[in-house]
Amino acid sequence: MDATVFLKAIPDPAAPPESFAFDGGCPDTSRVPFVLGPFEENALELGLRIAEGTGGSLRAVAMGGPEQDKSLRTALALGATAAVRVDGPPSWADPVVAARLLSAAADRLGVVEVLVTGRQAGDWDRSVTGALLAGVRGLPYLPRVFDAVAEEGGLRIAQEVAGGTRTGLLATAAVLSVTNAPTTILRMPNVRALILATRRPIDVVEARSLLGEAALRERLVDEGVSARRLGRAGRRVVGEPADVAKALVAELEAQGALPGARP
Amino acid sequence: MTGVPSPAGLDLRPEHEALVATVRRFARDEVAPVIGGYYERGEFPYPLVATMGEMGLFGLPFPEEYGGMGGDAFALCLVLEELARVDSSLAITLEAGVGLGAMPIHRFGTEDQRQRWLPDLCSGRSLAAFGLTEPGGGSDAGATRTTARRDGDEWVVDGTKAFITNSGTRITRLVTVTAVTGRRADGRPDISAIVVPSGTPGFTVGPEYSKVGWTASDTHELAFAGCRVPADHLLGEEGRGYAQFLSILDTGRVAIGALSVGLAQGCVDECLGYVGEREAFGRKLAQSQVLQFKVADMEARTHVARLAVRDAAARLVAGRPLRREAAIAKLVASEAAMANAREATQIFGGYGFMNETPVGRFYRDAKILEIGEGTSEVQRMLIARELGLPATP
Ligand SMILES: Cc1cc2nc3c(=O)[nH]c(=O)nc-3n(C[C@H](O)[C@H](O)[C@H](O)COP(=O)(O)OP(=O)(O)OC[C@H]3O[C@@H](n4cnc5c(N)ncnc54)[C@H](O)[C@@H]3O)c2cc1C
């Protein structure tokens, strides 16, 4: 079974705060290293498992500038057979346009049965691309997948659902949106493959050559991002365990991150 | 890998960047969460070593025909730096496994010896050790007392080696030992290197030392009593063992330098986080200029040490002479690591003295960097000799 995984590199969440700058409300990430997003790591691992389990191949697709290439090369080092990057659109492009571009780019790599995305991008946390991709291609959409095992007649899929797990046999093409679980922790690449992958070609395709200018025209004009409580990001709480626990709960409540709490 | 890397590391080549990013992820995601436990228990981290083997790190600088990764010594230094930024026990396990264990076999072994031993060592399924130091002394390596005498088709090894890294793990396959194999006309010893496989009768591995630092690495005293190995276990030429290990140590010094840079950088990383959070007298520690100056000095030492190590590593890759540069790299980097560990512990206050904090581990791990693979005094002696100053008694 051939699979295509959609990867997105994001500014390294572990990068020191001083490498981030804010320019007129928009984050300036030019000094920040990019890393593969956490759920895309999960998607890549599951894509590899599907390809290995079914004797198929895995291809990788990304969208953005050259900062995306490292992630594609990680995929190549781990066994992806081909990689394509859609060059041009800003990362906050209209998600419908993004899904159409990704779909068109996947078609350049050949026919695929399973399309694998991360559950949500680690930068904007919108969690829409997988579902929109399924809509664009007219395929079933399976959210929060954490396992896919090859079986007679298809793939046995395991999904996270509220309070439990749902399993089922997938016999058709589909879009899987992958979540984090022990089964989807990305393996470490072999360094030889890593070295060789830095020399493999990446197919870079202009966005406008895939969809045409008209489709790419901005329908929503971005006016910047205001970051709430930025100064409090990444606070480390130290002290007695009981005090630390209290401080953490207070912090989560203040951020509206606990059920029923108001920010 | 092709070409000579940029010594100053202004722009790492894409393959080096990819390597650094991958090892950084491994260190952060797989090593950092568990290594404190291994360290406290004094336990060798077999699962982490196995993953490093699968990643190909133990074969990094060796050719593919022996199961290696086709990388180079510069790449190895980058990996050691990233590992030691989080933990030095694993970094020294890799450094000793590659630099002291497999490298002598690759550099001085016959084709048959390379084919026999390297593939397993490159895969990380097995480890090799290098036994030079003896209970009677390490700096004066020419004073080796261990002997090996030829008896028919065999070498018979007798003697004791001290502080040998990777020599007693359950995956240790062999130890290369230096031994006196004869005397020259002027009475000086002929020293040779001989491979002794683990489990050979007459070869006893002593108990694990109780160490101040590097507690998750493996270090033992080794005893050889009438220990017989086949004649073809001689590594390199008979009587050339002294020259061989001097050149191995030149390489090893660059690697220990890289490990030191990693530890020094780890101290900077930890302190930057801590001074931004900890408050005293109603303000963040970061707002104290005294502490800012401490962190700035730590950063400056780390930067200079990194330049020295990368310069020496680039020379190694280019095949240029490096005795002076290797000694300087090891000297400045290990002293930077020690100074940074001392300052980081001070900045962390009481928490710095707790084993649960990484800086507590860094403090315990830093001292050996000024001792192992040639003490700071030995490095200064080497630099003085390279400057043409006379040998002193
Ligand atoms: C954890 C650990 C792991 C190790 N792993 C290995 C290994 O895998 N293989 C191996 O062979 N060895 C290994 N060693 C040994 C290490 O390399 C030696 O400890 C080191 O070389 C110093 O030798 P020594 O301990 O005998 O000190 P000595 O040689 O006795 O030196 C004692 C002190 O005297 C100083 N000194 C000596 N001579 C002079 C002089 N002429 N002028 C000025 N000062 C002098 C030294 O600098 C030092 O400060 C390891 C050691 C440790 C602690």
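Residues numbered from 1 in each chain as written. Chains lettered and ligands numbered in written order. Predicted model: local features only at pLDDT ≥ 70, side-chain atom pairs only at ≥ 80, totals over all residues.

**Considering the site of the ligand**
Residues and elements named next belong to chain B.
Part 1: Taken together, 24 residues lie near the ligand, and Leu-132, Gly-138, Ser-139, Thr-375 and Glu-377 sit nearest.
Part 2: Those elements that provide at least two residues to the shell around the ligand are α4 (88-108), β1 (127-131), β3 (154-165) and α10 (376-386).
Part 3: Considered class by class, the residues forming the shell around the ligand number 11 nonpolar, 10 polar and 3 charged.
Part 4: Here the shell around the ligand spans two domains, since at least three of its residues come from each of domain 2 (129-240) and domain 3 (242-386). (Near = placed C-beta within 6 Å. Helix = DSSP H or I, 4+ residues; strand = E, 2+ residues; numbered from the N terminus. Nonpolar A, V, L, I, M, F, W, Y, C, P; charged D, E, K, R; others polar. Domains from an automatic or database assignment.)

**Things to note about the interface of chain B and chain A**
Part 1: With 22 residues of chain B at the contact, the number on the chain A side is 15 residues.
Part 2: Listing elements by their share of the side of chain B that touches chain A, those giving two or more residues are α1 (14-41), α2 (46-55) and α6 (241-275) of chain B.
Part 3: It is α1 of chain B that contributes the most residues to the side of chain B that touches chain A, 8 residues altogether.
Part 4: The residue makeup of the side of chain B that touches chain A, split by class, is 11 nonpolar, 6 polar and 5 charged. (Contact = placed C-beta atoms within 7 Å.)

**So, the domain arrangement of chain B**
All names here are of chain B.
Part 1: Examined at the domain level, chain B breaks down into domain 1 (14-125), domain 2 (129-240) and domain 3 (242-386).
Part 2: One C-alpha centre belongs to domain 2, the other to domain 3; they are set 30 Å apart.
Part 3: Facing the 12 residues of domain 2 at the interface are 10 residues of domain 3.
Part 4: When the residues that make up the side of domain 2 that touches domain 3 are grouped by side-chain class, the tally is 6 nonpolar, 5 polar and 1 charged.

**Regarding the environment of Glu-41 of chain A**
Residues and elements named next belong to chain A.
Part 1: Note on placement: Glu-41 falls in helix α1 (residues 38-54).
Part 2: Taking the C-alpha atoms as reference points, Glu-41 and Val-84, 43 residues apart in sequence, are found 17 Å from one another.
Part 3: The residues contacting Glu-41, other than those within four sequence positions of it, are Leu-36 and Leu-186.

**Comments concerning the domain arrangement of chain A**
Frequently, the measure chosen for interface size is the accessible area that the parts lose on association.
Part 1: With domains assigned, chain A is organised as domain 1 (3-216) and domain 2 (228-263).
Part 2: For domain 1 of chain A versus domain 2 of chain A, the distance between C-alpha centres works out to 32 Å.

**Concerning unusual backbone geometry**
For residues besides glycine, phi is generally negative; the peptide bonds are generally trans as well.
Residues and elements named next belong to chain B.
Part 1: Unusually for a residue other than glycine, Phe-163 sits at a positive phi of about 60°.
Part 2: Tracing the backbone shows Phe-163 in strand β3.
Part 3: When the 20 C-beta atoms within 10 Å are taken as the criterion, Phe-163 is described as buried.
Part 4: At Phe-281, a residue that is not glycine, the phi angle is positive and equals roughly 50°.
Part 5: Note that Phe-281 resides in the loop between β9 (279-280) and β10 (283-284). (Buried ≥ 20, exposed ≤ 12 C-beta atoms within 10 Å, placed from the backbone.)

**Overview of the sheet that holds strand β1 (residues 3-7) of chain A**
Residue and element names in this part refer to chain A.
Part 1: Ordered by their spatial adjacency, 9 strands build an open sheet running β11-β10-β9-β12-β8-β1-β6-β7-β13, and the pairing between neighbours is mixed. Both outer strands of the open sheet, β11 (164-170) and β13 (203-206), are each paired with one neighbouring strand and no more. On average, each strand axis in the sheet is tilted by 30° relative to the strand beside it, whichever way the strands run.
Part 2: As paired strands, strand β9 (residues 141-151) and strand β10 (residues 154-161) are joined by 6 bridges and run antiparallel to one another. Looking at β10, one finds that Val-145 is bridged to Gln-159.
Part 3: Contacts from helix α2 (residues 69-78) reach β1, β6 (58-63) and β7 (82-87) within the one sheet, and its direction differs from that of β7 by about 165°. (Pairing = 2+ DSSP bridges. Axes fitted to C-alpha atoms, helices over the stretch in contact; angles between N-to-C directions.)

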